[in-house]
Every structure is written in structure tokens, then in C-alpha cells.
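# A look at the structure
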Amino acid sequence: MGNEVPTAAIEFRNVHKAFGEKQVLCGVDLEVRAGKTTVILGSSGCGKSVLVGMLVGLLRPDRGAVWLEGQDVATFERDDQWHPIWLRTGFLFQGAALFDSMTVAGNVAFPLRQHTRLPEAEIRSRVEEILSWIEMEGAADKMPSELSGGMQKRVGLARTIALEPRVVIYDEPTTGLDPLTSDTISELIRRLQGERQVTSIVVTHDVRCAFRVADRMAMIDDGRILVAGEREEIRHTEVPKLRSFLYG
Ligand SMILES: Nc1ncnc2c1ncn2[C@@H]1O[C@H](COP(=O)(O)OP(=O)(O)OP(=O)(O)O)[C@@H](O)[C@H]1O
Ligand SMILES: [Mg+2]
């Protein structure tokens, strides 16, 4: 494995990242397969958000390669190199803040208005379609403050997928939600992958959500991938740190 383009949709190779004296990532190697959902687990502060942030240019590795659909984005130097990536990569941020002063429909339409030249009628019909997909048809004209936490997350998800991305990254999609509401989010993530074959990365410490959405799982520990494997291999892992993370 030298510098050749990987066959996986996403591949982190020997990724290092420090902030001042603090070495957060020190040699992450991870493959993410096309059309599958890979869950990244790890304790708070281990560098999950830092790692996935590299896929959309929030951060740049100090060393290593970050391959995304055939390009090493760690070599990018200008915003115009990122534009095509931003168009086909959805990122649901930890917290998933909506625009408070915009309606639900306005929030979902935002990326379409920003990044496409679709006529207004077409934007409206796409927004309707997405809202019905998340089962929130009736909420188009509501303001975010009128919605429950779970509904806000669903609208955040709708906004993330408005441009029909091929890759979707979810950073803690269920944090702060009760188990039932969290299940509806897991279900949407699963459906999106099943219906549109998107390549997904789900960062989470919600073990229940992890097992519901994952095809594969990987755990970050001490700046590296401690274990990666198929969901069922992970479920039956013998690795003590992973076992205690999963089962307390
Ligand atoms: N821009 C930054 N400047 C300085 N330190 C940072 C920056 N971003 C992240 N860090 C540090 O890097 C470490 C990893 O942060 P990161 O947000 O990736 O953790 P995480 O695994 O996502 O945790 P959580 O589960 O709590 O979201 C933390 O110690 C954090 O303080
Ligand atoms: Mg995080």
C-alpha cells in the first residue's frame, strides 16, 4: 500500500493530528466501504470528530492521507478543490444546529438554494418530498423552536441529504435523545443507506444506535484504530477495552 488510489470509498492512511502538545491521532488506518455504514466508536475526546472533520475540510491532518472517492483530500489547498466534495458529501454536525430564523422548509431548502440553480417550484417539490421521507410533511412552516429535539434532528438530517449526497457523515446523530426517538433516527439512517446506497459514517457513543445502523464498526483508542470489523464480529469481541465500552 503505497500511494495508489484505494478501492474503498473512504480510506484514512496513517493519519496524525496534534493540537499543540496534545497528540490526538497518531496513525489512524481505516477503510470505509462504498454503500455501507461504518460506525466509529470511542470515548469522549478520543478524536472522532477530528477524524471525520478531515473529510470535509474542517481540519487537515499533520501527516497521512485521507482518500475520499478517489482523491486524497489531505493534499487540497484551495476551496475550489473542495466544492465538488461538499456537493456530494452530507455532514450532520454534532449538535445539528438549525437556522433558528428559518422555517423547517427554509432549512431544508437552504442547500438547494445555495448550491443549485433549480427553479423555485422544483425546490419546493423536493423539500416536500424530503419532508415526507422523514415523516414531517405537516411541519414545513414550523419554526425550529416549535419542534422537539428528535424532530430537530430529523430536520437536520433532511437538510444534510437535500443534495442527495453519495457520502453522509453523521456526528453523534442521537445524542441527547431518548431511546425511542433515537431509534427513529437510527431507522432513517438505515433506510437512507438501503434505498440510496449511500456510503455512511456514523460517529457515536450510543451503543444501541451503533448496532442498529452498522455494517462495520471501528473503535478509536489512544489515537489509533483499536479494532475494526463486521458488526457481528464486534458484538462478540474479546478485546477488553472494546467489551467494556460496549457492555460497561
Ligand atoms: N480546533 C481544536 N483546537 C484544539 N484542540 C482541539 C480542536 N478540536 C479538537 N480538539 C481536541 O482534540 C481532542 C479530540 O476532540 P474530538 O472533538 O475529536 O473528540 P470526540 O471523540 O469527537 O469527542 P466527543 O465524543 O466528546 O464528541 C479533544 O481533546 C479536543 O479538545
Ligand atoms: Mg465529537
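Residues numbered from 1 in each chain as written. Chains lettered and ligands numbered in written order. Predicted model: local features only at pLDDT ≥ 70, side-chain atom pairs only at ≥ 80, totals over all residues.

### Quick look at the packing of helix α3 (residues 104-115) against helix α4 (residues 120-133)
As a packed pair, α3 and α4 sit with axes 10 Å apart at the nearest point and diverge in direction by 125°. By the criterion of interaxial angle, the relationship of α3 to α4 is oblique. Crossing of α3 against α4: the hand is right-handed. Facing α3, whose interface residues are Ala 105, Val 108, Ala 109, Leu 112 and Arg 113, α4 presents Ile 123, Arg 126, Val 127, Ile 130 and Leu 131. The residue makeup of the contact of α3 with α4, split by class, is eight nonpolar, no polar and two charged. (Axes fitted to C-alpha atoms, helices over the stretch in contact; angles between N-to-C directions. Helix = DSSP H or I, 4+ residues; strand = E, 2+ residues; numbered from the N terminus. Parallel < 35°, antiparallel > 145°, perpendicular 65-115°, else oblique. Left-handed = near helix turned anticlockwise from the far one by under 90°. Contact = placed C-beta atoms within 7 Å. Nonpolar A, V, L, I, M, F, W, Y, C, P; charged D, E, K, R; others polar.)

### Description of the confidence of the model for the protein chain
Counting all residues, the mean pLDDT for the protein chain is 94, and 98% of those residues have values of 70 or more. The least confident element of the protein chain is helix α2 (residues 79-88), whose mean pLDDT is 92; the most confident is strand β1 (residues 10-19), at 98. (pLDDT = per-residue confidence, 0-100.)

### Observations concerning the sheet that holds strand β4 (residues 63-68)
An order of β2-β1-β4-β5 is seen for the four strands of this open sheet, with the pairing classed as antiparallel. Single-partner strands in this sheet number two, and they are β2 (22-32) and β5 (71-72). Bridge count between β4 and β5: two bridges; the pairing is antiparallel. In the strand pairing of β5, Trp 67 is matched with Asp 72. (Pairing = 2+ DSSP bridges.)

### Topic: the pairing of β2
In terms of strand pairing, β1 meets β2 through eight bridges, oriented antiparallel. Opposite Phe 19, over in β2, you have Lys 22 as the bridge partner. The turn linking β1 back onto β2 is made up of two residues, and Gly 20 within it adopts a positive phi angle of 60°.

### Digging into unusual backbone geometry
For Glu 135, which is not glycine, the phi dihedral falls at a positive 60°. Considering the arrangement of structural elements, one finds Glu 135 in the loop between α4 and α5 (149-161). Residue Glu 135 is classed as exposed on the basis of its C-beta count, with 12 C-beta atoms lying within 10 Å. (Buried ≥ 20, exposed ≤ 12 C-beta atoms within 10 Å, placed from the backbone.)

### Observations concerning the nonpolar core
One broad rule of soluble globular proteins: the nonpolar side chains tend to lie buried together. Ranked by size, the top nonpolar core spans 60 residues in total, and within it Val 39, Leu 55, Val 66, Val 108, Ile 130, Ala 158 and Ile 169 carry the most contacts. Beyond its immediate sequence surroundings of up to four residues, Ala 158 is in contact with Val 108, Ile 130, Leu 131 and Ile 134. (Core = buried A, V, L, I, M, F, W, Y, C linked by C-beta atoms within 7 Å.)

### Regarding the site of ligand 1
The environment of ligand 1 is formed by Phe 19, Val 24, Gly 42, Ser 44, Gly 45, Cys 46, Gly 47, Lys 48, Ser 49, Val 50, Gln 94 and His 205. When residues in the shell around ligand 1 are grouped by element, the largest group, three residues, is from helix α1 (residues 48-53). Across the shell around ligand 1, the residue classes tally to four nonpolar, seven polar and one charged. (Near = placed C-beta within 6 Å.)

### Focus on the sheet that holds strand β3 (residues 37-41)
Strand order in the open sheet formed by six strands is β6-β7-β8-β3-β9-β10, with mixed pairing between adjacent strands. Looking at which strands have only one partner, the edges of the open sheet turn out to be β6 (89-92) and β10 (224-230). Put simply, the sheet's adjacent strands are angled 15° from each other on average, direction ignored. Here four bridges tie β3 to strand β8 (residues 199-203), and the two strands are oriented parallel to one another.

### Section: the pairing of β1
Of the strand pairs in this sheet, β1 and β4 are connected by five bridges, and their pairing is antiparallel. What sits directly across from His 16, in β4, is Arg 63.

### So, the environment of Glu 21
Summarising the element assignment, Glu 21 is placed in the loop between β1 and β2. Sequence separation between Glu 21 and Glu 195 is 174 residues; the distance between their C-alpha atoms is 44 Å.

### Quick notes on the environment of Phe 76
Residue placement: Phe 76 occurs in the loop between β5 and α2. Note: C-alpha distance between Phe 76 and Arg 166 (90 residues apart in sequence) is 20 Å. Excluding anything up to four places from it in sequence, Phe 76 contacts Gly 57, Gln 81 and Trp 82.

### Points about the environment of Ile 225
As for its position among the elements, Ile 225 is in strand β10. Sequence separation between Ile 225 and Val 52 is 173 residues, and the spatial gap between their C-alpha atoms is 13 Å. Apart from the residues within four sequence positions on either side, Ile 225 is in contact with Val 28, Asp 29, Leu 30, Ala 218 and Ile 220.

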